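Summary of the model geometry
Each chain is listed here by its residues.
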Amino acid sequence: MADTSGRWLYAIARELDTDALTGLRGVAGAPVHVVEDAGLVAVVSAVDLAEFGAEPLKRNLEDLDWLAATARAHDAVVTTVGGAAPAAVPLRLATVCLGDDRVRELLIRRRPDLESALALLTGRTEWGVKAYADPDALAAADAPAEPGGQGGQGSKGGAGTAYLLRRKAQLSAREKAERNASAHADRLHRELAALATAARRHPPQDPKLSGRKGWNVLNGAYLVDDAKADELAAAVERLGGEVEGVRLELTGPWPAYSFAGVEQGAEEAAR
Amino acid sequence: MSENAHRHELTEHIDADPETVEKGLVSLVLTIVELLRQLMERQALRRVEDGKLSDEQVERIGLTLMRLEEKMGELRDHFGLEPEDLNIDLGPLGPLLAPE
């Protein structure tokens, strides 16, 4: 059994209240257990390598239903761990080790990074702020009232010339709106980052996935002192009302995926 | 037999439903046509700005681009595609076409 069984990693914490994990089940319904080494606690569960080994895993990750169920199970455990320890380093989906011994090895080898990540995360929480710009509202805000009314050049042309002039006005209004939106997003990020211990900008979200209209001009993550959480919420509120056509959205608290900073190495070590 | 096994492996990866394949192919082709249309339009606007074209030439280019846009709209409607379907996500480079 031990030979075919891998270990799926959820999170690594210090001073974890293990009672909180009683009866907790993770990916594929397996009960979670902990692997400890000198104060660091890794929360893991057994997974069948026929389903979670490198090759089958790659195939399964392309199956959206499988992925959704797995991600939900992973997230539930990570959230529970986060609530039961002063700080927890969440591991990205699909970090799999070959057995408890390899998990322990990982804890030993990555100790300095894990310690510093945990120190950074203690007493702080990750929040997400997204800004959506409505292109039409932005373009309307500073475009001339009537499109195509550019100089006297259009007066002598026919339908084709009028079309070109109209397109030109549309395109330049759009470009200007895009520039304004992106400059505004930079400013938003600077103001929010000033409240945070650490800040990161993620690539904008695909509107197809988020199901929201408008450009996602800012997709930021902010690691904020718990004492300053209210200040952040107030800042989001204030900044959201500043510019017509740009809407802000505060999400969280999240497991600190954006600031754990040990993922790359952990994944390499897990191989 | 080895060919069978190979084929089986392929169908696991590729959704070979004929209708989906056709729609995917159509949207790929239309995406490329739309890219060309937008490039031509930008080039035309630049040349008009340079002011070296006669009024007649400007009018003709405008009409051509206008019809091309109408045609694209008809084709999209025909295949049941939305404007935002005509794009390719180039990952770190962003989308192929700017949002219209």
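Labelled according to an unreviewed UniProt entry, chain B appears under the name Gas vesicle protein K, originating from Prauserella endophytica. In the Subcellular location (unreviewed entry) part of its UniProt record, chain B is described as follows: "Gas vesicle". In the Sequence similarities (unreviewed entry) part of its UniProt record, chain B is described as follows: "Belongs to the gas vesicle GvpK family."

The name given to chain A in an unreviewed UniProt entry is GvpL/GvpF family gas vesicle protein, and the organism recorded there is Prauserella endophytica. According to UniProt, the comment filed for chain A under the heading Subcellular location (unreviewed entry) is "Gas vesicle". The record in UniProt for chain A states the following under Sequence similarities (unreviewed entry): "Belongs to the gas vesicle GvpF/GvpL family."

**Brief notes about the interface of chain A and chain B**
Residue-level contacts link 17 residues of chain A with 20 residues of chain B. Summing the contributions of chain A and of chain B, the shared interface buries around 1600 Å²; its carbon and sulfur component is 57%. Sorting the residues of chain A by area buried against chain B places A:Y163, A:L164 and A:R167 first, and these three jointly supply 36% of that buried surface. Counting across the interface, chain A meets chain B through 1 salt bridge. B:E41 is the salt-bridge partner of A:R167, the closest N and O atoms lying 2.8 Å from each other. Counting the contacts that link chain A with chain B gives 6 residue pairs in polar contact (both at pLDDT 80 or more). Top contributing element to the side of chain A that touches chain B by residue count: helix α7 (residues 159-195) of chain A, with 10 residues. Counted by class, the side of chain A that touches chain B contains 5 nonpolar, 4 polar and 8 charged residues.

**Quick look at the packing of aromatic side chains**
The way to describe two aromatic rings as a pair is by their centre distance and the angle between their planes. Residues and elements named next belong to chain A. Scanning all chains against the criterion turns up 2 aromatic pairs over all chains. Between W8 and F52 the ring centres are 5.5 Å apart and the planes differ by 85 degrees, which places this aromatic pair in the edge-to-face class. Placement of the pair is W8 in strand β1 (residues 5-14) and F52 in helix α1 (residues 49-52), with a sequence separation of 44 residues. Both residues of the pair, W8 and F52, count as buried. Taken together, W8, F52 and W66 form an aromatic cluster joined through their ring pairs.

**Quick look at the confidence of the model for chain A**
Residues and elements named next belong to chain A. Averaged over every residue, the pLDDT of chain A is 83; the share at 70 or more is 86%. The least confident element of chain A, judged by mean pLDDT, is helix α10 (residues 263-270) at 45; the most confident is strand β3 (residues 40-48) at 92. Long-range and interchain partners of residues 145-154, a stretch whose pLDDT sits below 50, account for 5 contacts in this model, where long-range means more than four residues apart. Confidence drops under a pLDDT of 50 for residues 264-271, and excluding neighbours within four residues, the segment shows 13 contacts in the predicted structure.

Quick notes on the rules
Residues numbered from 1 in each chain as written. Chains lettered and ligands numbered in written order. Predicted model: local features only at pLDDT ≥ 70, side-chain atom pairs only at ≥ 80, totals over all residues. Heavy atoms only, no water. UniProt positions renumbered as here; feature names shortened; annotations may be inferred. Contact = heavy atoms within 4.5 Å. Buried area = accessible area lost by both parts, 1.4 Å probe. Salt bridge = Lys/Arg side-chain N within 4 Å of Asp/Glu carboxyl O. Polar contact = N/O pair within 3.5 Å; in protein donor to acceptor, adjacent residues only side chain to side chain. Helix = DSSP H or I, 4+ residues; strand = E, 2+ residues; numbered from the N terminus. Nonpolar A, V, L, I, M, F, W, Y, C, P; charged D, E, K, R; others polar. Phe/Tyr/Trp six-rings, centres within 6.5 Å; stacked < 30°, edge-to-face > 60°. Buried < 20%, exposed > 50% of the residue type's maximum accessible area, 1.4 Å probe, protein only. pLDDT = per-residue confidence, 0-100.

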